[in-house]
Every structure is written in C-alpha cells, then in structure tokens.
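One letter stands for each residue in the lines below.
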Amino acid sequence: KSSEIKGILKYVQKNYAEPNKKYYGIAKGRNVIIIHLESFQQFVINRKINGQEVTPFLNSLYNSKSSLSFANLFNQVGQGKTSDAENMLETSTYGLPQGSLFAQLGSDETFQAMPQILKQHGDYTSAVFHGNNAAFWNRNNVYKNMGYNYFYDASYFDTTGDRATGYGLKDKLLFHDSIKYLQHLQQPFYAKYITVTNHFPYSLDTEDKDKTFTTTDTDSSIVNNYFVTNRYLDQSIKEFFTYLKKSELYKNSVILLYGDHYGISDTENTNLASVLGKNADDWNANDNAELQRVPLIIHIPGLKNGGIQKQYGGEIDVLPTLEHLLGINSKEYVQFGTDLMSKQHNQVVAFRNGDFVSPTYNFINNNVYSAKTGKQLTATTSLMKTINKMDSKVKKTLSLSDSLNQKNLLRFYTPKGFTKVNSSKYNYVYPAG
Ligand code: GP9
Ligand code: MN
C-alpha cells in the first residue's frame, strides 16, 4: 500500500501545473463562499427566452470584469450526482465508477479536503448551509471527515408547508434564514451553500414563479419548467448578494459559483434543440457531451482584469485553481486536477465513464468528433494514435483516483504542515431533527 501511494504521488507531481503569477494569491485571506447551483447548465447563461434573459443576475456576474468566468467547464459527475460534484470540488479527486463516493466510502474515508486545508492555511472556520436533511448523501458523516466545523441542515430552518419543495427549503428562504448564522462565523470563513429548488422536476408554486418571465413553449414540461426554476435560483442569488454588499462581507470575500451537473437529461435534450436553434433530427451523442458544460464563476470583488476564459476544464480543476488564487500551493496535496489559470493546465476533460472532451477532439462512445465542428471524424490510423494517447491518460487518471479512494490510501500520506482530520472533534447538532 505504501508503494501504491508513492506511485500516485509521483503521478500527480508530474502532472502538477505551476500557478500563473498574475493570479497567484490575489484573493489571499478572504472569506470563501461556495454556491452550488443545483442542476444549472452553461447554455442558460446569457440566453434570452421571449426576449428576456433567463438569469439576469448570474449573467451580470458571469460578464463582470471582477469575475473569472469559464465558458468551457464540464461537469464530470457519475451516479453520485451532487455528491460527486461536491467531492471533486472539495478534494480534486474523482467520484467512483459506480454509486456515490459520499455514500459508499464517505463514513471512513481519509480526506484532504478544502475545509481542513484552509484551517491550516489561514485558520479558516468552515460551514455548510443546505435546506435538505443532513443524512442525504451521507453528508452528516462525510463533512466531519472533511473537517467542516458546522453543518446547518434543514433542522435549522422552518421547512413547513410551501416553504419547501421536494429537496428541502426553497433557496430564497435558505439564503435569507441562514444569514443569522453566517454573520456569526469567525472570519475568515469557508462557507458552502447547496441550493435545491432548481432540481428535477423543477416545480414551484404559482406565487413563487416570476411573473415577469414567460418561459418556453416546447413539448417538454421539464424543459419549460427548468427555465422557471432557473429564474428563481437567479433571483435568490441576487438577494443574497444584496445582503453581502450591505454587510461588507462582499469586499472581503471571494464568491465561487458553479453548476453541479445537467438539469436536462440526454433523453430530453432533443426538446432543447429548438431553444438552442438546432435541428433535433441531427442530434447526436456529441451534442449531449457538449451540453455537459456547467458555469464556473469565481467572483473576486475589486478584481479589474477578470473576464471570460475559454480554456477547457472540469470540476476536478476547481480546487487547485481556488487554492492558487488564495495563495496556497496545491503541489503538496494529492489532487488530480490542475489550475485552470496555469499555462500548464491540462485541457483534456475526463468524463466519469472514460469518454473525454478537449479543445481539439471529443471521444464519445468510441467515436471521435471534431470539437470545432461537432462532426464525426473518420478513424484513420494517425488520428487514432493521437486519440489513444489521450484516452490512456484519461483512463490512467481515473484509475489512480479510484485506487486512492477505494483503498483509502490517504491514510498513508500526510503532507508536511497538514494535520489529519480528527472527525470525533465534530459533533453537529440538529436542533429540530
Ligand atoms: C439533495 C441535493 C440533490 O440534498 O443535494 O442531490 P442530487 O439529486 O442532485 O444528486
Ligand atoms: Mn445535484
């Protein structure tokens, strides 16, 4: 086992991408607020429906010079969905080939996750705010192993009657009702909000629907309703930012927003074609892959030279990117992603099933597509030589991540200056639960 972890360390160190000096440490010491945008996809950004932007506030953040916004960031989740996204964001390791890492391994896993990393680089306090019950995705156990100080789940909030939808407290209420807890967190803090209202089946009472917004009229009620809860999510974020600005937390924070995975499934995608100005009859597997983009917006109040970034990346890359912005070198940790702002950043994005996308070629269901035109390419010997090289790198990174997690190999490696999490120190209280 100790030789196995050595091999993995050697691999991640070889793949390490050096920080870009222009951005290294620009957010050092700030509070970090992560906003997990449930089921929110990139194609919604800057999109108008019936002449109106679906998400005007998120668009303003996305288009701001104070944000590093990523146009080609792909979700890489497997069956663990939200929990896989969280795992990648917190640890820069992949979810499992089957099932959810949180659910299957999370109770006993040794993590080197962001809450503990920040505890040791700047004495951060950490908390999660979520409108669902603590046990969902085994979060109650996982967060202790990640070193989270506090977990404010549904039991902290009034979720009665129409205050909740299928997955818990509505987002506007989550932001509003959590402020009394957020205000009292010791600064600097690392706070994560996991939203729920924009979750399948995208239902919302009439009184919560935005009357100024008229959605699409496709044959799919899922597609039509999706944009309605997108708008609700957008307005909840806007209200939260209004509070942040009023409280002065805003200028001392970096606010990172990301979509966790698709909201419209492959089987519904043809109903989206008309909305996207495409022909449903030509829809193929590559179109589904292209739709796996999710927004990543790293909003740094005061930043003047941000803007939209075109480089390809995935959820696995978010953690090293954030670490470098905070002036923490990711080199000492076992992380499979690379800093999106680094000149050495790896732009081949692995999907959990072994398919991949990149700025040149997409490899989907054993077919090669041009990333530029979306057309399927003939598998010539020379093309396949290139593809096989990319493919074996993708397979290798996934399998090393799986060994690390499945055999809990971080038990055998503690980086210098890192203290292993002692989960027994954390005892989350669930007041009404
Ligand atoms: C529930 C929420 C949804 O607490 O995070 O998870 P998902 O169904 O998207 O994996
Ligand atoms: Mn989700």
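These lines cover the structure that appears in this document, whether it is placed above or below. The structure presented is a predicted model; accordingly, all values stated were derived computationally and were not measured. (Residues numbered from 1 in each chain as written. Chains lettered and ligands numbered in written order. Predicted model: local features only at pLDDT ≥ 70, side-chain atom pairs only at ≥ 80, totals over all residues. Heavy atoms only, no water.)

Quick notes on the overall build of the protein chain
When helices and strands are tallied, the protein chain shows 12 helices and 16 strands. Taking 2.2 N^0.38 as the reference for a compact globule, 433 residues should give roughly 22 Å; the C-alpha atoms of the protein chain span a radius of gyration of 21 Å, in line with that estimate. Projected onto its principal axes, the C-alpha coordinates of the protein chain cover approximately 60 × 55 × 40 Å. Across the 433 residues in the protein chain, those meeting the buried criterion constitute 60%. Summing over all exposed atoms, the protein chain offers an accessible surface of approximately 17,500 Å²; the carbon and sulfur share of this is 48%. Charge-centre separation for the protein chain: the mean point of 46 positive side chains lies 10 Å from the mean point of 39 negative side chains. (Helix = DSSP H or I, 4+ residues; strand = E, 2+ residues; numbered from the N terminus. Rg over C-alpha atoms; globule rule 2.2 N^0.38 Å. Buried < 20%, exposed > 50% of the residue type's maximum accessible area, 1.4 Å probe, protein only. Areas by Shrake-Rupley, 256 points an atom, 1.4 Å probe, with all protein chains shown as cover. Lys, Arg positive; Asp, Glu negative; His and termini not counted. Charge placed at Lys NZ, Arg CZ, Asp CG, Glu CD.)

Concerning the site of ligand 1
Taken together, Glu 38, Lys 81, Thr 82, His 130, Asn 132, Phe 136, Trp 137, Arg 139, Tyr 167, His 199 and His 261 make up all the residues around ligand 1. In this structure, an oxygen atom belonging to ligand 1 sits 2.7 Å away from a side-chain N or O atom of Thr 82. Note that an oxygen atom of ligand 1 is positioned 3.0 Å from one of the side-chain N or O atoms of Trp 137. For ligand 1, whose free accessible area comes to 310 Å², the fraction covered by protein is 95%. (Near = heavy atom within 4 Å. Polar contact = N/O pair within 3.5 Å; in protein donor to acceptor, adjacent residues only side chain to side chain.)

Some remarks on helix H6 (residues 139-146)
Listing the buried residues of H6 in full gives Arg 139, Val 142, Tyr 143, Asn 145 and Met 146. End-on, the buried residues of H6 take up no more than an arc of 160 degrees, which puts them together on one face. Here the buried face of H6 lies against helix H3 (81-91), helix H4 (101-104), helix H5 (114-120), strand S5 (125-130), strand S6 (150-152) and strand S9 (189-194). (Arc of directions from axis to C-beta. Contact = heavy atoms within 4.5 Å.)

Topic: the nonpolar core
Burial of nonpolar side chains together is a common tendency in soluble globular proteins. By size, the foremost hydrophobic cluster in this structure holds 73 residues, and its most contacted members are Tyr 143, Leu 326 and Phe 336. By residue number, the principal contributor to this core is helix H12 (residues 381-406), which donates eight residues. For Phe 336, the residues in contact, after removing those within four places along its chain, are Ile 8, Tyr 11, Val 12, Ser 92, Thr 93, Tyr 94, Ile 316, Thr 397, Leu 400, Ser 401 and Leu 404. By size, the runner-up hydrophobic cluster in this structure holds 52 residues, among which are Ile 45, Phe 175, Tyr 193 and Leu 249. (Core = buried A, V, L, I, M, F, W, Y, C linked by side-chain atoms within 4.5 Å.)

Some thoughts on the pattern of salt bridges
Following the criterion strictly, the structure yields 15 salt bridges and no others. We note a salt bridge from Arg 139 to Glu 86, for which the minimum N-O separation is 2.9 Å. With Arg 139 in helix H6 and Glu 86 in helix H3, this pair connects stretches of sequence that are 53 residues apart. Here Glu 86 falls in the buried class, since its relative accessible area comes to 0%. Salt-bridge contacts for Asp 287 lead to Lys 278; the nearest nitrogen and oxygen are separated by 4.0 Å. Relative accessible area serves as the criterion here: at 47%, Lys 278 is assigned to the partly exposed category. (Salt bridge = Lys/Arg side-chain N within 4 Å of Asp/Glu carboxyl O.)

Here's the deal with unusual backbone geometry
Backbone torsion omega between Gln 187 and Pro 188 reads -5 degrees, so that peptide bond is classified as cis. In this fold, Pro 188 is placed in the loop between helix H7 (171-182) and S9. That bond from Phe 200 to Pro 201 is cis: its omega, 5 degrees, falls within 30 degrees of zero. Relative to the helices and strands, Pro 201 is located in the loop between S9 and helix H8 (221-247).

Here's the deal with the packing of aromatic side chains
Using the criterion set out here, one finds 31 aromatic pairs in the structure. With a centroid separation of 6.2 Å and an interplanar angle of 70 degrees, the aromatic rings of Phe 241 and Tyr 250 are classed as edge-to-face. Note on accessibility: Phe 241 and Tyr 250 belong to one class, buried. Three or more aromatic residues link up through ring pairs in this structure, and these residues are Phe 129, Tyr 150, Tyr 152, Tyr 156, Phe 157, Phe 175, Tyr 181, Tyr 193, Phe 240 and Tyr 243. A cation sits over an aromatic face here: Lys 144 above Tyr 428, 5.6 Å from the ring centre. Directly above the ring of Tyr 250 sits Lys 245, whose terminal nitrogen or CZ lies 5.0 Å from the centroid. (Phe/Tyr/Trp six-rings, centres within 6.5 Å; stacked < 30°, edge-to-face > 60°. Lys NZ or Arg CZ within 6 Å of the ring centre and 35° of its normal.)

Considering the pairing of strand S11 (residues 296-299)
Alternating residues of S11 divide into Leu 296 and Ile 298 and Ile 297 and His 299, and every residue in both groups is buried. As paired elements, strand S4 (residues 67-74) and S11 share four bridges and run antiparallel to each other. Looking across to S11, one finds that Ser 67 is bridged to His 299. Taken together, the four bridges between strand S10 (residues 253-259) and S11 define a ladder with antiparallel strand orientation. Residue pairing for S11: Tyr 258 is matched across the bridge by Leu 296. (Pairing = 2+ DSSP bridges.)

As for the coordination of the manganese ion (ligand 2)
Distances from the manganese ion (ligand 2) to its protein donors, Glu 38 (OE), Glu 38 (OE), Thr 82 (OG1), Asp 260 (OD) and His 261 (NE2), fall within 2.0 to 2.5 Å. Classification of the site at the manganese ion (ligand 2) as irregular follows from its six donor atoms and the range of 54 to 166 degrees in their angles at the metal. Mapped onto the sequence, the residues coordinating the manganese ion (ligand 2) show the spacing E-x43-T-x177-D-H. Summarising the burial analysis for this pair, Asp 260 and His 261 share the class buried. (Donors = N, O, S within 2.8 Å, 3.2 Å for Na, K, Ca; no water. Tetrahedral: all angles 85-135°; square planar, octahedral: opposite > 155°, others 65-115°.)

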